[in-house]
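Tertiary structure, described
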Amino acid sequence: MELTQTTIWQTLQQHRQATASVRMRDQFAAEPDRFERMHESLHGMLFDYSKNRVNEEILDALCALAEQAGVRAYAESMRRGDKINASERRAVLHTALRLPEDAEPVYVDGENVVAKVHQELTRALAFAEKLLSGEYRGATGETITDFVHIGIGGSDFGPRMVMQALQPYHRNIRVHFAANADDADIAQVLARVRPETTVFCIASKSFTTPETLLNGATARSWFLNQGMTEADILKHFVAVSSNVESARKFGIVPENVFAMFDWVGGRYSVWSAIGLPVMVAVGAARFRELLRGAHAMDRHFFTTPFRRNIPVLQALLGIWYNNFYGSESQTVVPYSHNLRRLSGYLQQLDMESNGKRTTVDGGVVDYHTGAVVFGEEGVNSQHAYFQLLHQGTRLIPVDFIVPMRTAYGYEQHNRFTVANAFAQAESLMKGKTLAEAEAELSALPDEERHKLAVQKVFPGNKPSNMILLDELSPFNLGMLLAMYEHKIFVQGVVWGINSFDQWGVEYGKVLAKAIEPELLQEGSLQHDNSTNGLIEFYRRCRSEPGLTEK
Ligand code: F6P
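Residues numbered from 1 in each chain as written. Predicted model: local features only at pLDDT ≥ 70, side-chain atom pairs only at ≥ 80, totals over all residues. Heavy atoms only, no water.

This next bit is on the packing of aromatic side chains. This structure, assessed with the given rule, holds 22 aromatic pairs. Summarising the aromatic geometry, the rings of phenylalanine 237 and phenylalanine 250 are spaced 6.4 Å apart at their centres and angled 50° between planes, so their arrangement reads as tilted. Pair noted here: phenylalanine 237 is in strand S8 (residues 237-241) and phenylalanine 250 is in helix H11 (residues 244-250), with a separation of 13 residues, a long-range link. Across the pair, phenylalanine 250 and phenylalanine 237 agree in class, each one buried. (Phe/Tyr/Trp six-rings, centres within 6.5 Å; stacked < 30°, edge-to-face > 60°. Helix = DSSP H or I, 4+ residues; strand = E, 2+ residues; numbered from the N terminus. Buried < 20%, exposed > 50% of the residue type's maximum accessible area, 1.4 Å probe, protein only.)

Our focus in this paragraph is the nonpolar core. Formed by 121 residues in total, the largest nonpolar core has its most connected members in Phe147, Trp263, Leu276, Leu342, Leu477 and Leu480. For this core, the leading source of residues is helix H20 (residues 474-495), giving 13 residues. Residues contacting tryptophan 263, with those up to four places away along its chain left out, are Ala91, Val92, Leu93, His94, Leu97, Val108, Val113 and Val117. Counting 21 residues, the second largest nonpolar core, distinct from the first, contains Val148, Val193, Phe207 and Ile252. (Core = buried A, V, L, I, M, F, W, Y, C linked by side-chain atoms within 4.5 Å. Contact = heavy atoms within 4.5 Å.)

It is worth spelling out unusual backbone geometry at this point. Excluding glycine, most residues fall at negative phi; most peptide bonds, likewise, are trans. Here the amide bond leading from glycine 378 into valine 379 is cis, since omega sits at 5°, within 30 degrees of zero. Structurally, valine 379 can be placed in the loop between strand S11 (372-374) and helix H16 (386-391). Positioned with a positive phi, histidine 43 is a non-glycine residue whose angle comes to about 50°. One can find histidine 43 in the loop between strand S1 (39-42) and strand S2 (45-48). Classification of histidine 43 as exposed rests on a relative accessible area of 54%. Its identity as a non-glycine residue notwithstanding, arginine 89 has a phi of 50°, on the positive side.

Turning to the domain arrangement of the chain, a few remarks are in order. The domain architecture assigned to the chain consists of domain 1 (94-287) and domain 2 (507-543). On a C-alpha basis, the centroid separation for the pair domain 1 and domain 2 is 34 Å. (Domains from an automatic or database assignment.)

A word on the side chain of aspartate 501. Relative to the helices and strands, aspartate 501 resides in the loop between H20 and helix H21 (506-520). Engagement of the side chain of aspartate 501 in a polar contact is seen with the side chain of asparagine 498, the distance being 3.3 Å. Among the polar contacts listed, one links the side chain of aspartate 501 to the side chain of tryptophan 503, at a separation of 3.1 Å. Dropping the residues within four chain positions of it, aspartate 501 is found in contact with Asn85, Ser87, Glu88, Arg267, Glu352 and Lys356. (Polar contact = N/O pair within 3.5 Å; in protein donor to acceptor, adjacent residues only side chain to side chain.)

Read from one edge of the open sheet, six strands run S1-S2-S13-S12-S10-S11, paired in mixed fashion. The open sheet has two free edges, formed respectively by S1 and S11, since each of these has just one partner strand. Strand after strand, the sheet turns through a mean of 15° between neighbouring axes, direction not considered. Pairing analysis gives four bridges linking S1 to S2, with the strands arranged antiparallel. What sits directly across from histidine 39, in S2, is aspartate 48. (Pairing = 2+ DSSP bridges. Axes fitted to C-alpha atoms, helices over the stretch in contact; angles between N-to-C directions.)

Using the residue numbers shown here, the UniProt feature "active site" (unreviewed entry) corresponds to Glu352, His383 and Lys509. In sequence the annotated residues extend across 158 residues, and in space they extend as well, their farthest C-alpha pair lying 36.5 Å apart. Within the element layout of this structure, histidine 383 appears in the loop between S11 and H16. The topology assignment puts lysine 509 in helix H21. Among the residues examined, lysine 509 registers a relative accessible area of 40% and is labelled partly exposed. (UniProt positions renumbered as here; feature names shortened; annotations may be inferred.)

In the region of the ligand, 15 residues are neighbours, and Ser155, Ser204, Ser206, Thr209 and Glu352 sit closest. Taking serine 204, its side chain carries an N or O atom lying 2.6 Å from an oxygen atom of the ligand. Serine 206 is positioned such that a nitrogen or oxygen atom in its side chain is 2.6 Å from an oxygen atom of the ligand. Protein chains shield 86% of the accessible area of the ligand, which is 400 Å² for the free molecule. Its residues assigned to classes, the shell around the ligand comprises two nonpolar, nine polar and four charged. (Near = heavy atom within 4 Å. Areas by Shrake-Rupley, 256 points an atom, 1.4 Å probe, with all protein chains shown as cover. Nonpolar A, V, L, I, M, F, W, Y, C, P; charged D, E, K, R; others polar.)

On to a nonpolar patch on the surface, then. Side chains of Tyr507, Val510 and Leu511 sit close together on the surface and give an oily, nonpolar patch of about 340 Å² of accessible area. The class of tyrosine 507 is exposed, set by a relative accessible area of 61%. (Patch = residues over 30% accessible without salt bridge, like charges linked within 9 Å, V, L, I, M, F, W, Y side chains within 5 Å. Salt bridge = Lys/Arg side-chain N within 4 Å of Asp/Glu carboxyl O.)

Oppositely charged side chains can pair when the atoms bearing their charge come close. Under the definition given, this model contains 34 salt bridges. In this structure, the salt-bridge partner of glutamate 111 is lysine 116, at a minimum N-O distance of 3.5 Å. Glutamate 289 serves as the salt-bridge partner of arginine 286, at 3.3 Å between the closest nitrogen and oxygen. Of this pair, arginine 286 and glutamate 289 both sit in helix H13 (residues 284-303), three residues apart, roughly one helical turn. Beyond isolated ion pairs, a larger network of salt bridges with shared partners links Glu31, Asp33, Arg34, Arg37, Glu56, Asp60 and Arg307.

Turning to the packing of H13 against H20, a few remarks are in order. Where H13 meets H20, the closest approach of the two axes is 7 Å, and the angle between their N-to-C directions is 40°. The orientation of H13 relative to H20 falls into the category oblique. Read as a crossing pair, H13 and H20 show a hand that is right-handed. From H13, Arg286, Glu289, Leu290, Arg292, Gly293, Ala294, Ala296, Met297, Asp298 and Phe301 reach across to H20, where they touch Pro474, Phe475, Leu477, Gly478, Met479, Ala482, Met483, His486, Phe489 and Val490. When grouped by side-chain class, the residues that make up the contact of H13 with H20 number 13 nonpolar, three polar and four charged. (Parallel < 35°, antiparallel > 145°, perpendicular 65-115°, else oblique. Left-handed = near helix turned anticlockwise from the far one by under 90°.)

On to the pairing of strand S12 (residues 398-403). Of all six residues in S12, six are buried, a share of seventy percent or more. In this sheet, S12 lies alongside strand S10 (residues 329-334) in parallel orientation, the contact comprising four bridges. Across the sheet, the residue bridging to valine 332 is aspartate 399, located in S12. Where S12 meets strand S13 (residues 464-469), six bridges bridge the pair, whose relative direction is parallel. Across the sheet, the residue bridging to isoleucine 401 is isoleucine 467, located in S13.

To continue, consider H20. Here H20 spans 32 Å end to end across 22 residues, near enough to the 32 Å set by a 1.5 Å rise per residue. The buried fraction of H20 amounts to 21 of the 22 residues, a majority that puts the element mostly inside the structure. One or two positions beyond H20, positive phi appears at glycine 496, with a value near 75°. (Expected span 1.5 Å × (residues − 1).)

Structure, rendered in structure tokens:
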């Protein structure tokens, strides 16, 4: 039966109508235990979802929706290595990347992946530690001071964000990233390093991604142009890939290739050797803490009843607004400068996973799926788009992420940041009535007071989740990221889509391959007339420099 025709979906629609005029500020006034009932704690994390437009009945109905969709059975299929990524015929086992070594075996095609995971993890961590200790030397005998990670998409966002998030734990090697095909990216990195003291890592699961191969080739030519030899490449270029043969053709010996597994999707791969830049930045022990944190969230997700299950609740609340309130987007606001890349990372994780309209059975959905995810670090975002959250016409649920402590010791900054996060959530929920706005302006004459007061009304009743971390430690970061992975998984199951393929990014790549040689040629063009016109403009700009000034 179509999802929207099921009894539980219709029950939720009725709840939506019946509670249309309910205001959260009244619910808080009537329910002194609302926070107590509507928050969960796990290790150093607190998840407060009390500022949402729900009551117990709605939460129960949402949990019933997850039951009906088979979330429990799907999660179990994922955990035990079934090929739930049907369109690519792959298992989905990022959770296996953070299993302890003595965990129950998990089999894919008859092979125990837990043993394989630990073998590769140990290799990658040992390599990172060798760089950090200075034991590993470059071709000229110098110690390595810089590590350049070249990858894109899932082979870039995760390690780049995690490395930045764990800045207080950085050790003695500078880590750089180059992802964009725009040469400004790689050029700026190359300008900061010396070939004798740098290790380049080409990170690509497929080893076919053109942006990464282009940047890799540029780095390789630069290296050789700086007086280094082909033989020196052995010491200065490594790869993370599941395609050892293509890495070898690039000039990287198999001993320098760290394996990725075909049962881990790119955007879920930061826990694998794709995390090498994180390992190099913070060392083996901290990276293992990150994995332990993620595993703690996995255990919570796989074993906790839905009504108390953090990622399940987060997913269902997202569905509530997306499908029953017509909300189109979701903002994630980390009140942490070191987490400033989190929203960008989640954009790929969420939108590449759940930006789908075809169900696993080949039907087309008649309801909305993945939301538009955006965000910016707090408090900066308050000075940017929060105006629209407070007084705009759209309903945009917010995830606030707030560490309670920072590593830098400026206590007043910490209190300021935390107070602002709490205040934003409170004001979004409470709003400000006309009477309250007028009371604040009592000194003004009547007419002027009213004119100004209407501008100062906040409709309120705007939902948010508050995710507190006792500190931004590797363990807590691991929990946080695994929480989002599972949230996305649950939503995908309820919507009946495959969260683990990404056919939508392929088409444009194919067309770009055809256009690139046309930019150089003179010949006639066979595209639509807009694309033809754009290509012709490019050709003119290149053949007549200064064209735009004429
Ligand atoms: O953006 C599309 C994509 O296929 C992502 O899913 C993937 O993370 C990225 O490209 C990079 O792929 P690879 O690691 O194979 O270079």
